[in-house]
Amino acid sequence: MKALWKGGISFGLVNIPVRLYSGAVAHRIDLDMVRKKDQCAIQYVRICKKDGKEVPWDEIAKGYRKENGDYVILDKSDFEKAMPEKTQMIEIFEFVLEDEIPSQYLEKPYIVEPDKSAAKTYALLREALKKSGKVGLAKFVLRSAEHLGILKVEDNAILLIQIRFDQDLRDPNEAKIPTDIKIQKKELDMAMTIIDQLTEKFEPEKYKDTYKDELMKLINKKAAAAKGKKTTEKEEPKPRAKKTKDDDDLLAQLKASLEAIKN
């Protein structure tokens with residue numbers, strides 16, 4: 001793994017030199033934009049909306065559009081002035097209970113690895129977090145932007161979980177959420193039975209992202225077909241949800257769901 005950040009954790013007057021590694025890996029298939037008829041690759045160009053001419057990079061600036069349509073042009077020094085003070089420190093400023101942080105705030109995980117010289121102070125913070133049952137709320141600067149995060153213990157490692165600022169979250173009340181719906185006792189009891197029937201211990205290793213594998217199978221199949229090769233693989237029909245006679249009958253749908261689970 002390649003470290004994407006080097007610095008330290010500030011814990012009171014204690015400084016713990018650490019490195020950050022991304023705690024997640026994106027599994028994507030790289031696809032290019034091409035013209036369908038001749039597979040010509042698409043190239044993006046920067047075109048001026050007024051005269052239709054291509055604009056070279058050295059003539060391009062960033063601008064904020066005002067209500068009257070005019071722009072305020074910003075240069076490199078403007079961004080530097082607004083940028084948070086660059087620091088190589090993950091500064092813990094509070095300790096909180098993890099259960100107090102709603103899930104919608106959690107954003108991105110990082111693995112925190114101590115410098116060789118900081119093994120003892122790293123272990124001290126880890127054991128203190130474990131014993132307290134709390135997480136450290138911290139601020140840090142990464143890629144020229146200030147972030148909020150929590151430091152928590154997972155097995156023997158300290159993880160830094162980047163969390164969203166409150167101002168970045170939308171209020172769920174902006175959506176049309178039903179609040180005055182009456183649920184019959186039979187419906188609720190049956191829904192609870194379905195939950196009980198499908199309740200298992202959470203084992204994340206059981207769940208795989210199959211989309212990439214299925215897409216690669218399809219790509220290989222189409223590539224083979226283009227070369228005139230025959231594929232012996234049979235397409236399995238995708239399972240469909242059973243429809244009840246009356247789709248509006250919630251109770252009937254719940255009963256059908258229970259039958260499907262039993263079978």
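Cut-offs and rules
Residues numbered from 1 in each chain as written. Predicted model: local features only at pLDDT ≥ 70, side-chain atom pairs only at ≥ 80, totals over all residues. Heavy atoms only, no water. Core = buried A, V, L, I, M, F, W, Y, C linked by side-chain atoms within 4.5 Å. Buried < 20%, exposed > 50% of the residue type's maximum accessible area, 1.4 Å probe, protein only. Helix = DSSP H or I, 4+ residues; strand = E, 2+ residues; numbered from the N terminus. Contact = heavy atoms within 4.5 Å. Salt bridge = Lys/Arg side-chain N within 4 Å of Asp/Glu carboxyl O. Pairing = 2+ DSSP bridges.

Draft legend 1. Structural detail: the nonpolar core. One finds I9, I90, V112, L151 and L160 to be the most contacted residues of the largest nonpolar core, which totals 20 residues. Taken together, the elements giving at least two residues each to this core come down to β1 (5-11), β2 (14-22), β7 (89-97), β8 (106-114), α2 (119-132), β9 (134-142), β10 (145-154) and β11 (157-163). In this view, I90 contacts W5, G8, I9, S10, L20, A138, K139, F140, L151 and L160; residues no more than four positions away in its chain are not counted. I101, Y105, V135 and I163 belong to the second largest nonpolar core, which has 10 residues in total.

Draft legend 2. Structural detail: the pattern of salt bridges. In the structure shown here, the tally under the stated rule is nine salt bridges. One salt bridge connects D115 with R19, and the closest N-O pair in it is separated by 3.6 Å. Of the two residues, D115 sits in the loop between β8 and α2 while R19 sits in strand β2, which places them 96 residues apart along the sequence. Linked by salt bridges that have partners in common, R19, E113 and D115 make up one network.

Draft legend 3. Main features of the pairing of strand β6 (residues 71-74). Here strand β5 (residues 62-65) pairs with β6 via four bridges, running antiparallel. Across the sheet, Y64 pairs through a bridge with V72, a residue of β6.

Draft legend 4. Structural detail: unusual backbone geometry. Look at Q39: it is not a glycine, yet its phi comes out positive at around 60°. Mapped onto the secondary structure, Q39 falls in the loop between β3 (34-35) and β4 (40-41). Exposure remark for Q39: the relative accessible area of 67% places this residue in the exposed category. The phi angle at D155 is positive, at roughly 60°, despite the residue not being glycine. With a relative accessible area of 66%, D155 lands in the exposed category.

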